[in-house]
Amino acid sequence: MGVQTHKSFCRFCHANCAMLVDVEDGKVLSVRGDPDDPEYGGYTCKKGRELPDSHNSQDRLHHSLVRDANGDMQETPMPDALAHVSDEFKRIIDKYGPDSIALFMGSGGYQNSAAMMATMSLAQAIGTKHFFTSVTLDQPAKVFTTERYGKWSGGVNNFSEADVALFIGNNPIVSHYAPVGGVPPFSPSKRIRDRKKDGLKLIVADPRLAEVGQLADIYLPVKPGEDPALLAGMLNVIINEELYDRNFVAAHVDGFEELSEAVQAFPPEVAAERAGVEKDQLVAAARMFGGGSKGCAVTGTGPEMAGNGTLTEYLVTCLNTICARFRQEGQKVGVPGVFTVQQGEKRAQVAPPAPMFGEEGMAKSRFRGLGQLLFEMPCNVMADEILTPGDGQIRALISVGGNPEVGFPNQLKMRKALDDLELFVQIDPWMSASARRADVVLAPSQCLEREDITNLSEWWHENAYARYTEALAEAPGDTIDEYEMLWTIGSKLGVQMQLPGGDVPMDKCPSKQDFLDLMVAGCLVPPSQVRADAQKAGGAAVVYDDVHPVIEPFDEEQQHRFQLAAGDMPRELAKYSDDQARAAGFDFRMISRRSKGRFNSIGQPLKNLGKKVTTNPAYIHPDDMAEQGIAEGDVIEITSAHSSIHGVAKPSDRVRRGLISMAHAFGDADAGKHNVREIGGSTNRLTSDEVDYDSITGQALQSAIPVKIAAA
């Protein structure tokens, strides 16, 4: 048939960039950006352009593997592998109960539009409380603060109309991620530069002068982990100079007085000294943000991982709330979300609060007083729940597109936990660090070999943009879609899986379209309709302007308010103010960063992505290297209070003195001095889930880690 070109979208990361895909005889030949797409305009990143390598790599798994009695992995037909998993689940549930089964959704699993809900649905059908996702590894406080302190029903201001923006530890140019209200991750550099031409003022706070910081009007080189001081100082200025929206606060906010009192402990000179920035710059940033009329403060994952994550996100919530950075009556909803199940009317008011930790009926962990965050348990108790005998001990785990050995804190403990399981199932197209420890490795189809919708990326789309892509290439060997694997396990267990649209048929696996329709029942346009419309458009995106919700007036019967003094806040700010101790003997701080050639642990096996950077460089200020007697390219040992790793030193004057900057969730658990140049070290070995963690969310310290360095 020759080469055929199809319209589709990338699923390497969350951005879902529009692509043209060349396919011949069922094989992906090449991909490139689609210049005709109304949102992406031809943009792709270097990771997405390696989809052909990902699909065609000789290292990719084409068949599932099951470990035999001798400990050897044996190639096994998919039906037999799934039957083995189901039989083992039955045995374990019968012996220990349903909470002995755990399911984890990693970053890779999210790239399949059905995998998240299929995983959660199976967990609920089994009756286990042990459902985990990568959200609680790197950004649980975003979920907690949004639900705990108040959420505006109409949504926040969009970036496209912002006159000021504050990015705290967020580098969307590389990470292709920003919370709602931040820059959409498709062609982010161009979007920022275009907005600046129209008058946008950009403030960036980051210990490292990242790519986005080079575009800033004000760059604040905040010390890692000291974001609360910076934010409290800005709030001090905004409140004392009355730059906030007094009418909005009076109409919609409780707890303003308590917040105002708490930030008085952080006048600009005090806040600036602790944050490590110039006082005049802090004041200028506060006035710039407070003087704007639209535009939000947003964070990346780094500030949450650097300790005090919940306090940091709370203060960001306070900034956006008292400055009223929300869309109002008569405007279109900021993010329409074609596939998002609509929860209530979109009105110019605060939405009802959602139940959080400790609410009646919400599950609790056996450790550290932690419990469910909405519908999931915190990842940082998983190892303890596996290793500790007793009622509810996890004995079997399915990892869907995750890499627990590399991505979880306290790496050596997680390795021990994975080995302690009676059954560890890894769904993975590669023999990753976690797959090598698994009892069963299930080989999935990859993105261009399956149908999908753009439900993952739509929180960045300011228009009612939607896509349904067909499977364009043939899935090799004995690979199938993740949702089919999870459904098959559920069917063999004899449980009833459910989705928002009702019961999932369990006698015959539903088609992907039928599963997706059930999954997002109640959304603006069902996937089956989007599919039909996309087919008429030659596979292109469809924009549904006619169903874009408009913000309705205030409902007098639903008078909810922001609660800025709820729970532990803002009293936590006083505790933070009193706690300035540094770890004795550990004079450096390890901070996390994103890699252009990786998405968390995804991308490691792809040869083209690894050509320029084979390792996980340890970026250090040149003056620190000189002081330590370290030369570029030297292998160094990096030691925390918990463990040590090796890194290859690389000078960078864009990193503050006293810091080491390395990518998190990188490399391999077996990296050591002998092979660190080839595979890179994993910073998660330096962390502990038991000592340094957020008391509310349980998130472990994974950035701003106290360390010391020495030549190896």
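1. Section: the sheet that holds strand β27 (residues 659–663)
Consideration 1: If you trace the 6 strands once around the closed barrel, you get β23-β27-β24-β26-β25-β28, paired in mixed fashion. The mean angle between the axes of side-by-side strands here comes to 45°, regardless of whether they run parallel or antiparallel.
Consideration 2: Taken together, the 3 bridges between strand β24 (residues 618–620) and strand β26 (residues 644–651) define a ladder with parallel strand orientation. When the sheet's bridge partners are listed, Ile620 is paired in β26 with Pro651.

2. Points about the sheet that holds strand β2 (residues 18–24)
Consideration 1: Taken together, 3 strands build an open sheet; the order of strands is β1-β2-β3 and the sheet is antiparallel. Edge strands, defined here as strands with exactly one partner in the open sheet, are β1 (4–9) and β3 (27–33). Here the strands of the sheet are splayed against their neighbours by 30° on average, with no regard to which way each runs.
Consideration 2: As paired strands, β2 and β3 are joined by 6 bridges and run antiparallel to one another. Within β3, the position partnered with Leu20 by the bridge is Arg32.

3. Some points on the pattern of salt bridges
Note that side chains of opposite charge can pair when their charged atoms are close.
Consideration 1: One pass over the structure, following the stated rule, counts 41 salt bridges.
Consideration 2: Residue Asp34 pairs with Lys7 through a salt bridge whose shortest N-O separation is 2.9 Å. One end of the pair, Asp34, is in the loop between β3 and α1 (51–56); the other, Lys7, is in strand β1, with 27 residues separating them in the sequence.
Consideration 3: Residue Asp34 is classed as buried on the basis of its relative accessible area, which comes to 2%.
Consideration 4: Arg657 is the partner of Glu627 in a salt bridge, and the nearest nitrogen-oxygen pair spans 3.3 Å. Pair noted here: Glu627 is in helix α24 (residues 622–628) and Arg657 is in the loop between β26 and β27, with a separation of 30 residues, a long-range link.
Consideration 5: Accessibility expressed as a relative area gives 58% for Glu627, which makes it exposed.

4. Quick notes on helix α6 (residues 140–149)
Consideration 1: Burial within α6 is extensive, with 7 of its 10 residues counted as buried.
Consideration 2: Packing partners of the buried residues in α6 comprise α5 (135–138), β12 (297–299), α14 (302–305), α15 (309–322) and β22 (562–563).
Consideration 3: Count one or two residues on from α6 and you reach Gly150, which has phi positive near 130°.

5. Some points on the environment of Cys296
Consideration 1: Relative to the assigned elements, Cys296 resides in the loop between α13 (279–291) and β12.
Consideration 2: When its relative accessible area of 2% is taken as the criterion, Cys296 is described as buried.
Consideration 3: Sequence spacing of Cys296 and Leu259 is 37 residues, and the spatial spacing of their C-alpha atoms is 19 Å.
Consideration 4: Contacts of Cys296, omitting those with residues within four sequence positions, involve Val156, Asn157, Val164, Ala165, Leu166, Gly181, Phe289, Asn320 and Arg325.

6. Here we look at empty space enclosed by the protein
Consideration 1: All chains considered together, the criterion is met by 7 cavities of 30 Å³ or more.
Consideration 2: Looking at the largest cavity, its volume works out to about 310 Å³.
Consideration 3: Listing elements by their share of the lining of the largest cavity, those giving two or more residues are α14 and β23 (588–593).
Consideration 4: Looking at which element gives the most residues to the lining of the largest cavity, the answer is β23, with 3 residues.
Consideration 5: Looking at the lining of the largest cavity residue by residue, the classes come out as 6 nonpolar, 11 polar and 6 charged.

7. What to know about the packing of aromatic side chains
Consideration 1: Applying the stated criterion across every chain yields a total of 19 aromatic pairs.
Consideration 2: With 6.2 Å between their ring centres and 75° between their planes, Phe144 and Tyr149 make a pair best called edge-to-face.
Consideration 3: Given the relative accessible area of 6%, Phe144 is considered buried.
Consideration 4: Of the residues examined, Tyr149 reaches a relative accessible area of 1% and is grouped as buried.
Consideration 5: Through successive ring pairs, a cluster of aromatic residues spans Trp152, Phe248, Phe326 and Phe562.
Consideration 6: Over the ring of Phe9 we find Arg11; its NZ or CZ atom is 4.6 Å from the centre of that ring.
Consideration 7: Across from the ring centre of Phe289, 4.5 Å away, lies the NZ or CZ of Arg325, which sits over that ring.

8. A word on helix α18 (residues 411–420)
Consideration 1: Among the residues of α18, Gln411, Lys413, Met414, Ala417 and Leu418 are the ones counted as buried. End-on view of α18: buried residues confined to an arc of 155°, all on one side of the axis.
Consideration 2: On its buried side, α18 packs onto α16 (382–387), β13 (396–400), α17 (404–407) and β14 (423–427).

9. Quick look at unusual backbone geometry
Consideration 1: Across the junction of Met569 and Pro570, the peptide omega takes the value -5°, indicating a cis bond.
Consideration 2: Here Pro570 lies in the loop between β22 and α22 (571–578).
Consideration 3: Its identity as a non-glycine residue notwithstanding, His176 has a phi of 55°, on the positive side.
Consideration 4: Note that His176 resides in the loop between α7 (172–175) and α8 (188–197).
Consideration 5: Residues other than glycine seldom take positive phi values, yet Ala324 does so here, at roughly 55°.

10. Describing the pairing of strand β4 (residues 64–67)
Consideration 1: Summarising the sheet, β4 and strand β5 (residues 73–76) pair through 4 bridges and their orientation is antiparallel. Bridge pairing in β5 links Val66 to Gln74.
Consideration 2: Counting the residues that bridge the hairpin from β4 to β5 gives 5 residues, and of these Gly71 lies at a positive phi of roughly 90°.
Consideration 3: Where β4 lies against strand β15 (residues 440–442), 2 bridges are found, and the strand directions are antiparallel. What sits directly across from Leu65, in β15, is Val441.

Calculation notes
Residues numbered from 1 in each chain as written. Predicted model: local features only at pLDDT ≥ 70, side-chain atom pairs only at ≥ 80, totals over all residues. Heavy atoms only, no water. Pairing = 2+ DSSP bridges. Helix = DSSP H or I, 4+ residues; strand = E, 2+ residues; numbered from the N terminus. Axes fitted to C-alpha atoms, helices over the stretch in contact; angles between N-to-C directions. Salt bridge = Lys/Arg side-chain N within 4 Å of Asp/Glu carboxyl O. Buried < 20%, exposed > 50% of the residue type's maximum accessible area, 1.4 Å probe, protein only. Contact = heavy atoms within 4.5 Å. 1 Å grid on protein atoms, 1.4 Å probe; cavity = no way out; pocket = protein on both sides within 12 Å on 5 of 7 lines; lining within 4 Å. Points joined across faces, edges and corners; volume = space filled by probe spheres on them. Nonpolar A, V, L, I, M, F, W, Y, C, P; charged D, E, K, R; others polar. Phe/Tyr/Trp six-rings, centres within 6.5 Å; stacked < 30°, edge-to-face > 60°. Lys NZ or Arg CZ within 6 Å of the ring centre and 35° of its normal. Arc of directions from axis to C-beta.

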